[in-house]
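So you can see what is in the structure, the chains are spelled out below.
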Amino acid sequence: MQISFCLLSPEIRPLVVPTNIIVQLHDLQYSWHDFVSKGNRNALTILSLWAPVVAIYLMDIHIWYTLLSALVGGVMGARGRLGEIRSIEMLHKRFESFPEAFAKTLSPQRISSRPVPQDSEAATKMYASIFSPFWNEIIKSLREEDYISNREMDLLMMPSNCGTLRLVQWPLFLLTSKIMLANDYASDCKDSQKELWHRISKDEYMAYAVKECYYSAERILKSIVDGEGKLWVDRLFQYLNESIGRDSLLVTINLKKLQLVQSRLTGLTGLLIRDETADRKAGVTKALRELYEVVTHEFLAPNLREEFDTWQLLLRARNDGRLFSNILWPNDLEMKEQVKRLHLLLTVKDSAANIPKNLEAQRRLQFFTNSLFMDMPEAKPVSEMIPFCVFTPYYSETVLYSMSELCVDNEDGISILFYLQKIFPDEWANFLERIGRGESSEEDFKESPSDTLELRFWVSYRGQTLARTVRGMMYYRRALMLQSYLEKRYLGGIEDGYSALEYIDTQGYQLSPDARAQADLKFTYVVSCQIYGQQKQRKAPEAADIALLLQRNEALRVAFIHEEDGVSSDGQAIKEYHSKLVKADIHGKDQEIYSIKLPGNPKLGEGKPENQNHAIIFTRGDAIQTIDMNQDNYLEEAMKVRNLLEEFRGNHGIRYPTILGVREHVFTGSVSSLASFMSKQETSFVTLGQRVLAYLKVRMHYGHPDVFDRIFHITRGGISKASRVINISEDIYAGFNSTLRQGNITHHEYIQVVGKGRDVGLNQIALFEGKVAGGNGEQVLSRDVYRLGQLFDFFRMLTFFYTTVGYYVCTMMTVLTVYIFLYGRVYLALSGLDHSISRQARFLGNTALDAALNAQFLVQIGVFTAVPMIMGFILELGLMKAIFSFITMQLQFCSVFFTFSLGTRTHYFGRTILHGGAKYRATGRGFVVRHIKFADNYRLYSRSHFVKALEVALLLIVYIAYGYTKGGSSSFILLTISSWIMVISWLFAPYIFNPSGFEWQKTVEDFDDWTNWLFYKGGVGVKGENSWESWWEEEQAHIQTFRGRILETILSLRFLLFQYGIVYKLKITAHNTSLAMYGFSWIVLLVMVLLFKLFTATPRKSTALPIFIRFLQGLLAIGIIAAIACLIGFTDFTIADLFASALAFLATGWCILCLAITWKRVVKTLGLWDSVREISRMYDAGMGAVIFAPIVFFSWFPFVSTFQSRILFNQAFSRGLEISLILAGNKANQES
């Protein structure tokens, strides 16, 4: 059995032989007084060698699952055709196939299955006529959202393809500059017509452009002239068509003059695209005559030129001035669009690769078009689709930014509006173009109420606001109205016996009563604004903004809890609670729809789930989609909701689905490198991670925007468990509940239902991860996880464990493994066993024993967890872009961020396991580019990261000072490099990722703020952010139970190892290993504490003898210095011993402080609490100084601050962001 166990892992087998040798070693020489290893066969030594290996062995399953899930998820994604269209160039190349794919996936079968013409071009034209109105609405929505400009919209719009033109008309962005290139080909042509056309046809879109230009010019010229002019146009194109048919075009025309004809035609269309006036009509007549002269006398062959010149009818008209004198201006909409399109076709020279320019617009169009080729259920007509409801909980977050919020400057001199103008310069320019303004200041907007409101919405749509969420969810209604409107017109046309092409028109679809009624039958949106009633009573701005949203969105419903005073049956005053649902009436006032009296205050448990529970009764339909308040939606994705809902009727195993999981996009990833890291990490989980979990049938509900089977869940406990503390992470319990009640949870990636905002500052991210980690700690204690573990088979149970609470257990084990390894090495170093065993090994000639002691232990933190993210990059970006993106992340210190996050998750998960009491941590959803003060970072990370990092640093210093390795310093570096990386990351990540973290003026201000906070006395009502004493008391609040105190006591005793080991390493002990030496060190420590007490005594506390106290303090200081000098001069005590003693006493002192805080009541009873507090203050001052010193040093060099800004905001730099001006608050200079 031992042999088979050893063969399981290459980590274990090499230790077996050395272990047997160590067990048999006797009379090993210890550096300290040994009273635990005698007679136990060197058990602690064996434990020191085996413990880290066993710890890693316990994480092996998690590592293998991570690697295999990345591989399987990548293969599944490739089979699902993800990432096929990953660039705008790919979108261009495959655009011809989009109409047919759209018709077959997103159109009902009755439309898509009609007889297809045998002619391929006619079939493509038919599909294009179905596709074009939807594509154009998508482009219009991008324009409304200011992602594209008016010019880009014109180039992206697709003609209806319903007219009489004999070819498919594609969007102009596919045809840009094609006419110019074709002219160049023609000018250089020395071959036949066939050869020229063959060369042009190599580019399909160039061929389309040439054909369309020819046919459009013919149609436009015939429509604007009459009489002799029309006869000339008819005969001209008759000759040209006959020449093309006989392949003799090069004989009929002079290709060298083609560009001249183009310039004359461009001048003509340039006039026709404008409104009709007398002067312009005269201009058109002149332009037509110039075109006539060029075509007749320069472009055509001599025989045709002579024929036209001798044509008497035409000659008389020219001589009389009647030729082209009567212009029929193109006033009908179709002809005006055709003239405009021809003009753009002749003039636009932009590269198609730059349209659209906005990266978000490119991403959305790429994903939408890619999804058309993915496997999805057939779309039902709107009248037959499953009705559904969208549900959003809201408390008191930002609804709509006010003008005062937009224009007020923060401490760095930056307003929200100024920040967004620099982050999104192209979208700001598009916004000004949309509202008809040039460059405008805040004061200019205040002159126009309508423009002011538009500005407020523009900013709010770029934040994590309720307004953004409501706009996104209302795209469902817009999509359903468009689909219902077109289906009725299209199917109605077929039933009436007319051509369906004549009925495809989207003008006024949002005003169609039938389309609106059909959409309202199938879609409902309920926002549960829990305290909306209270906000209205106190006239809060949030209430007015919610009312504004109700007025602008007639399908929006708001649920809230209404409180009112009532009287009980016995005459006592009581509070009555009602759950109400309201909408806006025709006058814009709140109109009550339902009011339900509640038995009492519904806020019994956690806030968010209780907010959902009171309002879920107002939802309707067969499905319900849960959407958080920091999410968005897109019109093109809303068009696929019919397909998604059909999954409830699909075959997904032995049971129908009860929760449909969908992918989402994190839209905050472009703000900074931190936001980018968080975005990529989140994207990896919601795509590849959940793809694999659903395949293994262990996917749960990890938050929004999953779609629930409403009937299934409201009859089985609802969608939100709300018990306090235990259900702090309420989302996942819906998945637990569904699975326990034999539900089936699936995942679908052809629809990217929502965009999601994530935390963008390090402090926000840490609070969010702390909340999630604490929630997972509570899940460990929940009955739901226990029952799932009992009911799952072994393999499903393992998968469930390692993808929920097991992930956090393994995260904590990763950090604990570092501690186990280092404490084991420090034990061997301080006890002298590493040197003693190595000497025995050399004497015995046993290399295996020496190799075991010098084994290189490299914990590559975060390497394995990054594999799924890398696989996701490769799948959806391509190999080269994935490599480039990964290298860029490394240069931005992503390893530092992920290592820091590892510490965050470990701390909060471990604290919850030890003490319980996880709590909701509000992260805030604002725009974060401001500088965070040193004191703020210290308060947040002192106990979670700094203390632990300094402990690891102390272990490493002691190991380097007293440890023994065969290879010397190089071996020490290899053994400890990953641990040093962890120390540096945990200590300095908050300052590396802090805007202006190394700017000298900010550093000086931070130091003043930190010292003021450190020495400010606390008191009743003083918050921790204002006083160290208040913060220190708050940090102890988690220690509440006797069990927790016992565990804290056991963990704190580890710090005693340092003093016990170092004392016997001091040269002054002369290798004396008696226990008395250790006892004497405690006497020294006690004396040091008494001296500290004397030195910290102030005249305020001893007013009777202030002069004597000061004199005594000075005398003691001189005496201490003299005593240390005498020790160094006259004994074996060295300066190195002095520093070693300081390290030992620091560790012991921290142990005593931890014990004193743990047993607070006992210490207060003994009257020692004030002393404990002062010593704790000294420790925090020392830790802060250690961290602050490198910051001060680097702040001396201005280039460090510039380099840091480049790292932190590299994503914005790539789009031309002048972040240096933002961080400097140099708004005045920028405007000037």
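Going along each chain's sequence as written, the residues are numbered from 1 onward. Two thresholds apply to this predicted model, a pLDDT of at least 70 for residue-level local features and 80 or more for giving and counting side-chain atom pairs, whereas whole-chain, interface and lining totals are computed over all residues. As a rule here, side-chain values come from all non-hydrogen atoms in the structure, and water together with hydrogens is ignored.

- As recorded in an unreviewed UniProt entry, the chain goes by Callose synthase 10 and comes from Aegilops tauschii subsp. strangulata.

### Points about the overall build of the chain
1) Next: A tally of helices and strands in the chain yields 58 helices and 10 strands.
2) Next: When a residue's accessible area, from a 1.4 Å probe over protein chains only, is under 20% of the maximum for its type it is buried; when over 50% it is exposed; and in between it is partly exposed. In the chain, which comprises 1232 residues, the proportion classed as buried is 55%.
3) Next: The contact rule is simple, with two residues in contact once any of their heavy atoms fall within 4.5 Å. Here the contacts in the chain between residues at least 6 apart in sequence split such that 79% fall between residues at least 24 apart.
4) Next: Here the chain displays about 54300 Å² of accessible surface, and carbon together with sulfur accounts for 59% of that area. Counting from the N terminus, the helices are the DSSP runs of H or I reaching at least four residues and the strands are the DSSP runs of E reaching at least two. For every accessible area listed, the method is Shrake-Rupley and the probe measures 1.4 Å; residues are considered covered only by the protein chains on display.

### Looking at the side chain of Thr469
1) Next: Within the secondary structure layout, Thr469 lies in helix α25 (residues 466–495).
2) Next: A polar contact of 3.0 Å, which involves the side chain of Thr469, links it to the backbone oxygen of Met629.
3) Next: Excluding its chain neighbours within four sequence positions, the residues that come into contact with Thr469 are Thr392, Tyr525, Ile627, Asp628, Met629, Asn630 and Gln631. Any pair of nitrogen or oxygen atoms within 3.5 Å is treated as a polar contact; in protein, a donor-acceptor pairing is required on top of that, and neighbouring residues in sequence qualify only through side-chain atoms on both sides.

### Remarks on the pairing of strand β4 (residues 573–584)
1) Next: Pairing between two strands is assigned when DSSP locates at least 2 bridges connecting them. Bridge analysis of strand β3 (residues 556–567) against β4 gives 10 bridges, and the strand direction is antiparallel. Paired with Val558 across the bridge in β4 is Val582.
2) Next: The hairpin turn running from β3 into β4, its antiparallel successor, is 5 residues long, and Gly571 in that turn takes a positive phi close to 85°.
3) Next: Pairing of β4 with strand β5 (residues 590–598) involves 8 bridges; the strand directions are antiparallel. In the sheet register, Lys580 faces β5, and the bridge partner there is Ser595.

### Let's talk about the confidence of the model for the chain
1) Next: Looking at any residue, its pLDDT shows the predictor's confidence there, from 0 to 100. Of the residues in the chain, 88% reach a pLDDT of 70 or more, and the chain-wide mean stands at 82.
2) Next: Contacts of residues 493–503 to residues separated by more than four positions or lying in other chains number 10 contacts, the stretch itself having pLDDT below 50.
3) Next: For the stretch residues 1211–1223, pLDDT sits under 50, and the model shows 36 contacts to residues farther than four places along the chain or on other chains.

### A word on the environment of Thr1073
1) Next: Within the element layout of this structure, Thr1073 appears in the loop between α49 (1056–1063) and α50 (1075–1096).
2) Next: Sequence separation between Thr1073 and Asp34 is 1039 residues, and the spatial gap between their C-alpha atoms is 8.2 Å.
3) Next: Sequence-distant contacts of Thr1073, that is, excluding residues within four places in its chain, are made with Tyr30, Ser31, Trp32, His33 and Tyr1064.

### What about empty space enclosed by the protein?
1) Next: For cavity detection a 1 Å grid was placed over the protein atoms alone, and a set of points counts as a cavity when a 1.4 Å probe fits there but cannot get out; an open set counts as a pocket when protein lies on both sides within 12 Å along at least five of seven lines, with lining residues being those that have an atom within 4 Å of a point. Grid points are joined across faces, edges and corners, and a volume is the space filled by probe spheres set on the points. Using the criterion set out here, one finds 4 cavities of 30 Å³ or more in the structure.
2) Next: As a volume, the second largest cavity reaches approximately 60 Å³.
3) Next: Those elements that provide at least two residues to the lining of the second largest cavity are α46 (1000–1015) and α54 (1169–1195).
4) Next: Amino acid classes used here: Ala, Val, Leu, Ile, Met, Phe, Trp, Tyr, Cys and Pro are nonpolar; Asp, Glu, Lys and Arg are charged; the rest, including Gly, are polar. Its residues placed into classes, the lining of the second largest cavity shows 5 nonpolar, 4 polar and 1 charged.

### Describing the pattern of salt bridges
1) Next: Here a salt bridge means any side-chain nitrogen of Lys or Arg lying within 4 Å of a carboxyl oxygen belonging to Asp or Glu. Counted by the stated rule, this structure contains 53 salt bridges.
2) Next: In this structure, Arg363 and Glu360 form a salt bridge, with 2.7 Å as the shortest nitrogen-oxygen distance. One end of the pair, Arg363, and the other, Glu360, are both in helix α19 (residues 359–371), 3 residues apart, so they sit about a helical turn from each other. The pair Arg363 / Glu360 is uniform in exposure class, with both members buried.
3) Next: Look at the salt bridges and you will find they share partners, linking Arg143, Asp146, Glu433, Arg434 and Glu454 into a network.

### Description of the packing of aromatic side chains
1) Next: Centre distance within 6.5 Å is the pairing criterion for rings of Phe, Tyr and Trp, where only the six-membered ring of Trp is used; planes under 30 degrees apart are then read as stacked, over 60 as edge-to-face, and the remainder as tilted. In total, this model carries 64 aromatic pairs according to the counting rule given.
2) Next: Considering the side-chain rings of Phe736 and Phe800, the 5.8 Å spacing of their centres and the 70° angle between planes classify their relative orientation as edge-to-face. Note that Phe736 is positioned in helix α34 (residues 730–740) and Phe800 in helix α37 (residues 794–803), a separation of 64 residues in sequence. The same class applies to Phe736 and to Phe800, which are both buried.
3) Next: Relative to Phe1197, the ring of Phe1193 has its centre 5.4 Å away and its plane inclined at 75°; by these criteria the two rings are edge-to-face.
4) Next: By way of ring pairs, the aromatic residues Phe95, Phe98, Phe102, Phe131, Phe134, Trp135, Trp170, Phe173, Tyr205, Tyr208 and Phe373 are connected into one cluster.
5) Next: Comment: the charge-over-ring label is applied if NZ (Lys) or CZ (Arg) is within 6 Å of the ring centre and within 35 degrees of the ring normal. A cation sits over an aromatic face here: Arg94 above Phe373, 4.4 Å from the ring centre.

### Here we look at the sheet that holds strand β6 (residues 623–626)
1) Next: Sheet architecture is open: 10 strands sit in the order β5-β4-β3-β2-β1-β6-β9-β8-β10-β7, paired in mixed fashion. Both outer strands of the open sheet, β5 and β7 (631–633), are each paired with one neighbouring strand and no more. Going from strand to strand, the sheet's axes swing by 35° on average, the running direction of each strand aside.
2) Next: Every angle, taken between N-to-C directions, lies between 0 and 180 degrees, and every axis is a line fitted to C-alpha atoms, over only the stretch in contact when it is a helix. Its contacts with the sheet put helix α26 (residues 513–522) on β1 (388–394) and β2 (523–529), and the angle it makes with β2 is roughly 55°.

### Looking at the nonpolar core
1) Next: Throughout this description, the term nonpolar core refers to a set of buried Ala, Val, Leu, Ile, Met, Phe, Trp, Tyr and Cys residues connected via side-chain atoms within 4.5 Å. Core analysis: the biggest nonpolar cluster contains 155 residues, and Phe95, Leu268, Phe388 and Tyr532 have the highest contact counts within it.
2) Next: Considering every element that reaches this core, the biggest residue donor is α25, with 13 residues.
3) Next: Annotation comment: domain bounds sourced from an automatic or database domain assignment. Looking at which domains feed residues into this core, each of domain 1 (102–371) and domain 2 (386–401 + 463–493 + 510–751) supplies at least three.
4) Next: With near-sequence residues (within four places) excluded, Phe95 lies in contact with Phe131, Trp135, Met158, Trp170, Pro171, Phe173, Leu174 and Tyr205.

### Quick look at unusual backbone geometry
Apart from glycine, the bulk of residues carry a negative phi angle, and the bulk of peptide bonds sit in the trans form.
1) Next: Phi angles above zero are rare outside glycine, and Ser177 is one such case at about 65°.
2) Next: Within the fold, Ser177 resides in the loop between α8 (150–156) and α9 (178–187).

### Thoughts on helix α36 (residues 783–791)
1) Next: Along α36, the residues that are buried comprise Asp784, Val785 and Leu788. Within α36, the buried residues cover an arc of 95° as seen down the axis, which keeps them to one side. Those residues of α36 that are exposed and angled more than 90 degrees off the buried face are Arg783, Tyr786 and Gln790.
2) Next: If you follow the buried residues of α36, they end up packed against α34, α35 (762–780) and α37. The reported arc concerns the directions from the helix axis to the C-beta atoms and nothing else.

### A word on the pairing of β6
1) Next: Residues Ala623 and Gln625 line one face of β6 and the alternating positions Ile624 and Thr626 line the opposite face, and both faces are buried.
2) Next: Strand direction decides the pairing type here: β1 and β6, joined by 4 bridges, are parallel. Among the inter-strand pairings, Val390 is bridged to a residue of β6, identified as Gln625.
3) Next: Sheet topology places β6 next to strand β9 (residues 707–709); 3 bridges connect them, and they run antiparallel. When the bridges of β9 are listed, Gln625 appears paired with Val707.

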